[in-house]
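Chains, contacts and geometry: an overview
Here are the chains, one letter per residue:
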Amino acid sequence: ATDAALRFRERFGLPLEDLSSVEIRVPHLQPYFRVRPTGEFSGKFGYEYPVACAILDGEVIKSTFSDKAFNRAEVKDHLDKFKTLEDPASAEHGVFGVLVIEAGGKTIMQPIEIPLGDAKRPVPPSQVVDKYIRNAAEVVGEDVAKQTSRMLLEIETLSSIRPVLDLLAKRS
């Protein structure tokens, strides 16, 4: 659903305040996805919060699930517009359902297709590297994250992985 929200944002560029409602219709809804987002923890297990952030921010990353990000007024003021529904017929619109978005008196149907990262839709290598650097930089700093990313891309040709481990463990 997050990828569908990102595609919706790319196609239409409508801000959250212009949306009247967003229904996340899925053919089958597991009980753990029936949780309304009330904080960073429950936000991880539902559809509404990440879909709202995808439309608002144009990305859903690790920091999206922090208390600070969850408590932003620009998100919380609009979460009531989002609802997840189990709708077996939604599979007719997309493999995993459809986003039904009401905006400006119009209804927009955005199919929920196979998500990025699935074996049928692999993540491009450049995005994997960017994600690694973004996450590793929080722990080892950006320079070490970039250096180790280059080393890890060539790991099969390295005579030893000790230099990579030393950098990641902050050993000199």
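The preceding data block contains the structure.
Just so you know, these numbers come straight off a predicted model, no measurement behind them. (Residues numbered from 1 in each chain as written. Predicted model: local features only at pLDDT ≥ 70, side-chain atom pairs only at ≥ 80, totals over all residues. Heavy atoms only, no water.)

With that settled, the discussion passes to helix 6 (residues 125–140). Taking 1.5 Å as the rise per residue, helix 6 with 16 residues should run 22 Å; its terminal C-alpha atoms sit 21 Å apart, in good agreement. Of the residues making up helix 6, those classed as buried are Val129, Ile133, Ala136 and Val140. Next to the buried residues of helix 6 lie helix 7 (142–153) and helix 8 (162–168). Looking one or two residues past helix 6, glycine 141 carries a phi angle of roughly 90°, positive in sign. (Helix = DSSP H or I, 4+ residues; strand = E, 2+ residues; numbered from the N terminus. Expected span 1.5 Å × (residues − 1). Buried < 20%, exposed > 50% of the residue type's maximum accessible area, 1.4 Å probe, protein only. Contact = heavy atoms within 4.5 Å.)

Before going further, it helps to examine the nonpolar core. In this structure, Leu19, Ile24, Tyr49 and Ile55 are the most contacted members of the largest nonpolar core, which totals 27 residues. Residue assignment for this core shows that the elements contributing at least two residues are helix 1 (2–12), strand 1 (19–26), helix 3 (48–57), helix 4 (67–70) and strand 3 (98–103). Looking at this core, the element that brings in the most residues is helix 3, giving 6 residues. With 6 residues, the next largest nonpolar core counts Val129, Ala136, Val140 and Ala145 among its residues. (Core = buried A, V, L, I, M, F, W, Y, C linked by side-chain atoms within 4.5 Å.)

Structurally, the position occupied by tyrosine 132 is in helix 6. Accessibility expressed as a relative area gives 25% for tyrosine 132, which makes it partly exposed. Residues tyrosine 132 and serine 20, spaced 112 residues apart in sequence, show a C-alpha to C-alpha distance of 36 Å. Non-local contacts of tyrosine 132, meaning those with residues more than four positions away in its chain, are made with Ala137, Ala145, Thr148, Ser149, Leu152 and Leu168. A distance of 2.7 Å separates a polar atom in the side chain of tyrosine 132 from a polar atom in the side chain of threonine 148. (Polar contact = N/O pair within 3.5 Å; in protein donor to acceptor, adjacent residues only side chain to side chain.)

The next point concerns the packing of aromatic side chains. All chains considered together, the criterion is met by 3 aromatic pairs. Residues phenylalanine 8 and phenylalanine 12 carry aromatic rings whose centres are separated by 5.3 Å and whose planes lie at 35° to one another, so their mutual orientation is tilted. With phenylalanine 8 and phenylalanine 12 both in helix 1 and 4 residues apart, the pair spans about one turn of that helix. Taking the centre distance of 5.0 Å and the plane angle of 55° together, the rings of tyrosine 49 and phenylalanine 70 count as tilted. (Phe/Tyr/Trp six-rings, centres within 6.5 Å; stacked < 30°, edge-to-face > 60°.)

As summarised here, the arrangement of the 4 strands in space is 2-1-3-4, forming an open sheet in which the pairing is mixed. What marks the edges here is a single partner per strand, and that holds for strand 2 (82–86) and strand 4 (106–111). The mean inter-strand angle of the sheet, taken between neighbouring strand axes irrespective of direction, is 20°. As judged from the 6 bridges shared by strand 3 and strand 4, these two strands associate in the antiparallel manner. Residue pairing in the sheet places isoleucine 101 in a bridge with isoleucine 108 of strand 4. The sheet strands contacting helix 1 are strand 1, strand 3 and strand 4, and the helix crosses strand 4 at an angle near 130°. Across the sheet, helix 3 touches strand 1 and strand 2, and the angle it forms with strand 2 is around 130°. (Pairing = 2+ DSSP bridges. Axes fitted to C-alpha atoms, helices over the stretch in contact; angles between N-to-C directions.)

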